[in-house]
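# Analysis of the macromolecular model
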Amino acid sequence: SRAVSIEAGNWKQLNTQGSLPVARGLGVYGGGYRGMAVFHAERIEEIGRKAKEKGLDGAILVMHYPTPADAGRITEKGLGAMMAEKGGLRAHGASIARGDKIHAIVGVEGLAVDITTCMGLLGKEELREGDILSLDCSPEKGFVYRGKLPYQEDAEAVSGPLSQGDIAGSSP
């Protein structure tokens, strides 16, 4: 379960093989997270339900810059992930993420948010509410991908464990 993996600090990892990130920021907390974009805290629960129906983890709150007033509104809605256009590792958004165990990337380059229209730009493409994103929130990464990337565990289950012959340079 999500709670167990967060407590252990053993987050799911995305299988990014063959995928290029559309944006990068500072990974603050968490590992891989797949969800649907939402621009207003009031819609987190609804978008989170829709995301889970599609086999995703939940909602991803896309914001300009988290403020102290956002903390309560975010956590009471059961938010699992957020990404912010502005902010750094010591900014308020990073503190919210670490304190409330929310997967997060802050200071996302190439992200421009317009909450009045519930839209934004991610890289050079439009970002709308409900768009599917995959985040790698690892501190050394902070990558944003469009679409639903598989988790490492899912990819390994499909391909099966490696045999000696699968390892480059090895012979049977």
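Residues numbered from 1 in each chain as written. Predicted model: local features only at pLDDT ≥ 70, side-chain atom pairs only at ≥ 80, totals over all residues. Heavy atoms only, no water.

## Concerning the overall build of the chain
Scanning the chain for helices and strands turns up five helices and ten strands. Across the 172 residues that make up the chain, the buried fraction comes to 40%. A fraction of 59% describes how many contacts in the chain between residues 6 or more apart in sequence connect residues 24 or more apart. For the chain, the computed accessible surface area is about 9000 Å², with 52% contributed by carbon and sulfur atoms. (Helix = DSSP H or I, 4+ residues; strand = E, 2+ residues; numbered from the N terminus. Buried < 20%, exposed > 50% of the residue type's maximum accessible area, 1.4 Å probe, protein only. Contact = heavy atoms within 4.5 Å. Areas by Shrake-Rupley, 256 points an atom, 1.4 Å probe, with all protein chains shown as cover.)

## Looking at the nonpolar core
Grouped together as the largest cluster of nonpolar side chains are 23 residues, with contacts concentrated most on V28, I44, L61, I74, L79 and M82. F39, A81, L127 and V144 belong to the second largest nonpolar core, which has 18 residues in total. (Core = buried A, V, L, I, M, F, W, Y, C linked by side-chain atoms within 4.5 Å.)

## Focus: the sheet that holds strand β8 (residues 125-128)
Across the sheet, which stays open at both edges, the three strands sit in the order β6-β7-β8 with antiparallel pairing between neighbours. Lying at the two open borders of the sheet, with one neighbouring strand each, are β6 (111-114) and β8. In this sheet, adjacent strand axes meet at a mean angle of 25 degrees when their direction is disregarded. Relative to β8, strand β7 (residues 119-122) is paired through four bridges, and the arrangement is antiparallel. Opposite L122, over in β8, you have E125 as the bridge partner. (Pairing = 2+ DSSP bridges. Axes fitted to C-alpha atoms, helices over the stretch in contact; angles between N-to-C directions.)

## Considerations on helix α2 (residues 44-53)
Along α2, the positions that sit buried rather than exposed are I44, I47, G48 and A51. Across the axial projection of α2, the buried residues extend over an arc of 105 degrees, all falling on one side. Relative to its buried face, α2 has exposed residues pointing more than 90 degrees away, namely R49 and E53. Among the structural elements, β2 (32-38), β3 (58-63) and α3 (70-75) are those in contact with the buried residues of α2. (Arc of directions from axis to C-beta.)

## Focus: the pattern of salt bridges
Applying the stated criterion to the full structure yields seven salt bridges. One salt bridge in this structure joins E129 and R43, with 2.5 Å as the shortest N-O distance. Placement of E129 in the loop between β8 and β9 (132-136) and of R43 in the loop between β2 and α2 is noted, with a sequence separation of 86 residues between them. Look at E129 and you get partly exposed, because its relative accessible area is 23%. You can call R43 partly exposed: its relative accessible area is 27%. (Salt bridge = Lys/Arg side-chain N within 4 Å of Asp/Glu carboxyl O.)

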